[in-house]
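A closer look at the structure
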Amino acid sequence: MFTGIIEELAQIKKIKKNKNGRCYTITSKLVINDLGIGDSISVNGVCLTAIKINKNDFSVDLVEETLNKSNLGDLKMNDYVNLERAMKASGRFDGHIVQGHIETLGVILDHQGKGSDSRLSIGLDPEWMRYCIPKGSITIDGVSLTIAAISGNIVEVALIPHTLKNTTLGKKCKSETVNIETDIIG
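Report on the accompanying structure. The residue numbering used here restarts from 1 in each chain and proceeds along that chain's sequence as written. Per-residue local features are limited, in this predicted model, to residues with pLDDT of at least 70; the limit for side-chain atom pairs, both in listing and counting, is 80 or more; totals at the level of whole chains, interfaces and linings are taken over all residues. To obtain the side-chain values, all non-hydrogen atoms of the structure were used and water was disregarded.

1. Comments concerning the nonpolar core
Judged by nonpolar contacts, the single largest core of 21 residues is most densely connected at Tyr24, Ile26, Val43, Phe58, Val60, Val81 and Leu83. Excluding its chain neighbours within four sequence positions, the residues that come into contact with Tyr24 are Ile12, Lys14, Ile15, Phe58, Ser59, Val60, Leu62, Leu67, Leu72, Gly73 and Leu75. Nonpolar cores are built from buried Ala, Val, Leu, Ile, Met, Phe, Trp, Tyr and Cys residues. Side-chain atoms within 4.5 Å join them into one set. Exposure is judged per residue with a 1.4 Å probe applied to protein chains only, and the accessible area is read against the type maximum: over 50% gives exposed, under 20% gives buried, and values in between give partly exposed. With 19 residues, the next largest nonpolar core counts Leu120, Leu145, Val178 and Ile180 among its residues. A contact between two residues is defined here by any heavy atoms of the two lying within 4.5 Å.

2. Quick notes on the sheet that holds strand β12 (residues 177–182)
Strands sit in the order β7-β8-β11-β10-β9-β12 around a closed barrel of 6 strands; the barrel is antiparallel. For this sheet, the mean inter-axis angle between neighbouring strands, taken without regard to orientation, is 45 degrees. DSSP-based pairing: two strands are paired if at least 2 bridges between them are found. Counting from the N terminus, the helices are the DSSP runs of H or I reaching at least four residues and the strands are the DSSP runs of E reaching at least two. Note on definitions: angles span 0 to 180 degrees between N-to-C directions of axes, and those axes are lines fitted to C-alpha atoms, for helices only across the stretch in contact.

3. Re unusual backbone geometry
What is expected of a backbone is that most residues other than glycine have negative phi and most peptide bonds are trans. Unlike most non-glycine residues, Asn78 shows phi in positive territory, near 75 degrees. As for its position among the elements, Asn78 is in the loop between α1 (64–69) and β6 (80–85). Residue Asp141 is not a glycine yet carries a positive backbone phi of 50 degrees. Of the residues examined, Asp141 reaches a relative accessible area of 0% and is grouped as buried.

4. A word on the pattern of salt bridges
Any Lys or Arg side-chain nitrogen found within 4 Å of a carboxyl oxygen on Asp or Glu counts as a salt bridge. Across all of its chains, the model carries 6 salt bridges by this definition. Residues Asp57 and Lys13 are paired through a salt bridge, measuring 2.7 Å at the closest nitrogen-oxygen approach. Note that Asp57 is positioned in strand β5 (residues 57–63) and Lys13 in strand β1 (residues 8–18), a separation of 44 residues in sequence. Measuring nitrogen to oxygen at the nearest pair gives 3.3 Å for the salt bridge that ties Asp141 to Lys172. With Asp141 in the loop between β9 (137–140) and β10 (143–151) and Lys172 in the loop between α2 (161–166) and β12, this pair connects stretches of sequence that are 31 residues apart. Among the ionic contacts, a cluster of salt bridges with common partners joins Glu7, Asp34 and Arg85.

5. Quick notes on the pairing of strand β11 (residues 154–159)
In summary, the side chains of a regular strand alternate between the two faces of the sheet. Only one face of β11 is buried, namely the one carrying Val155, Val157 and Leu159, since none of Ile154, Glu156 and Ala158 on the opposite face is buried. Taken together, the 6 bridges between strand β8 (residues 118–123) and β11 define a ladder with antiparallel strand orientation. Considered in β11, the bridge of Ser118 is made with Leu159. Where β10 meets β11, 4 bridges bridge the pair, whose relative direction is antiparallel. Bridged to Ser151 within β11 is Ile154. Hairpin connection of β10 to β11: 2 residues between the antiparallel strands, including Gly152 at a positive phi of 65 degrees.

Nothing here speaks to function; it is all geometry.
As structure tokens, then:
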């Protein structure tokens, strides 16, 4: 389980295709400190398993199901990703319950404002709107956010400067896809 509180903004160092999908090697300075082989790690909101760990990077396998259900297959070398280690049972619960199971992709329709007044509008498949409630939680590329507004099949979230600076959401542009996990409690 995760909380949607991003611990590190990291880059993809290497992408290797294999018979089952791909293997990504991701640079890390923080989350690697207590990451072990077999541990779960959220990469842009997708729960993956660390399969190899070096001093400054770790590797994860992505199978076809992961590549088909998320936007991880669109990533290239040097692209940034959001990282979060799995929550320890004794840890603080700062975000909301996040499983790391991507339900759908959203499309950025608009990204307005900068600084303390930034809004991101995401278009979702109408099928997933029943799980979105005003002031409820949503996970976008692994980031726990509060839904500020809903209009039709569009979810709008407000982004604080910290989120813009420390996650991939500050780098995203109109028409890009994002991984969506709706709130399991909602």
